[in-house]
Structures are given as C-alpha cells and as structure tokens.
Amino acid sequence: QVQPVESGGGLVQAGGSLRLSCAVPGSRFVGAPMGWYRQAPGLQRDLVAHISSSGRTNYADDVKGRFAISRDNAKNTVYLQMNNLKPEDTAVYYCNVANLVGTGSVIVGSWGRGTQVTVSS
C-alpha cells in the first residue's frame, strides 16, 4: 500500500509562507488524485486541498485564496503552497492519494508521518 512522504513544515510567523512537498513512492499512482490534510491537537484530520488527475483543484473554505495545491508528475510530487499563514493553520499536515466523494474524501494509501507546521502570532 502506498505511503506518501511529507516534508517542508516548520515554524513561521503569522503572515509568512511555507511550501510543503509530498512524494509518492513508485509509479502506480503517478497523476493520481491527491489530497492534503491537516490535524491539530485534539481535532479530527480534515481535507484542506485536493487536486484531481486532470488538475482540478478544490479547497476548504478557510484556506481559499491562501493555499495552492499543485503537482509535478515527472517527480511524482504534490505541493502545497501556503501563504498568509495564520496561527489557526498550526497542525500536522499529511498527504494521501484520495478521491473526492460527496462532501468528503476516501483515501487510498496509508498515512505517513506528516510534517508539522507551526504558525506563531
């Protein structure tokens, strides 16, 4: 089962930017629909951005206009550019192969370790 590897997190001040990367091992899932999720302490893991196989993107309302998901199929890597970060964006960010289903999503792979994003005020 595929297990993506996330990187790029860190500590940043409010208003700053970070770019997260998600490497998907193997060739089976090149171009697959992918989602970025985040989980803050004590809360559930939520989908924040999704990119389809055709490149269509969807975002959670609280990140629209600030986050951008993109992909490089040649590198089998998906990115999450995060701008104008807010303290409430603080969470562990995960990526996974995922299909949008109704108002939610269904993941295909295993969860990786994620990457911590901390935004200070």
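Figured I'd write up the structure that's included with this text. None of the values given here were measured: they were computed from a predicted structure. (Residues numbered from 1 in each chain as written. Predicted model: local features only at pLDDT ≥ 70, side-chain atom pairs only at ≥ 80, totals over all residues. Heavy atoms only, no water.)

A few words now on the side chain of Thr 115. Structurally, the position occupied by Thr 115 is in strand β11 (residues 115-120). For Thr 115, a relative accessible area of 9% gives the class buried. Within the structure, the side chain of Thr 115 is placed 2.9 Å from the backbone nitrogen of Gly 9, a separation counted as a polar contact. (Helix = DSSP H or I, 4+ residues; strand = E, 2+ residues; numbered from the N terminus. Buried < 20%, exposed > 50% of the residue type's maximum accessible area, 1.4 Å probe, protein only. Polar contact = N/O pair within 3.5 Å; in protein donor to acceptor, adjacent residues only side chain to side chain.)

With that settled, consider the side chain of His 50. Tracing the sequence through the fold places His 50 in strand β5 (residues 46-51). With relative accessibility at 3%, the residue His 50 sits in the buried group.

Before going further, it helps to spend a moment on the state of the cysteines. Scanning the model with the defined rule gives one disulfide in all. Linked covalently through their sulfurs, Cys 22 and Cys 95 form a disulfide whose S-S length is 2.0 Å. Between Cys 22 and Cys 95, the disulfide has an S-S torsion of 75° and is therefore right-handed. Pair noted here: Cys 22 is in strand β3 (residues 18-23) and Cys 95 is in strand β9 (residues 91-101), with a separation of 73 residues, a long-range link. A relative accessible area of 1% places Cys 95 in the buried class. (Disulfide = S-S within 2.5 Å.)

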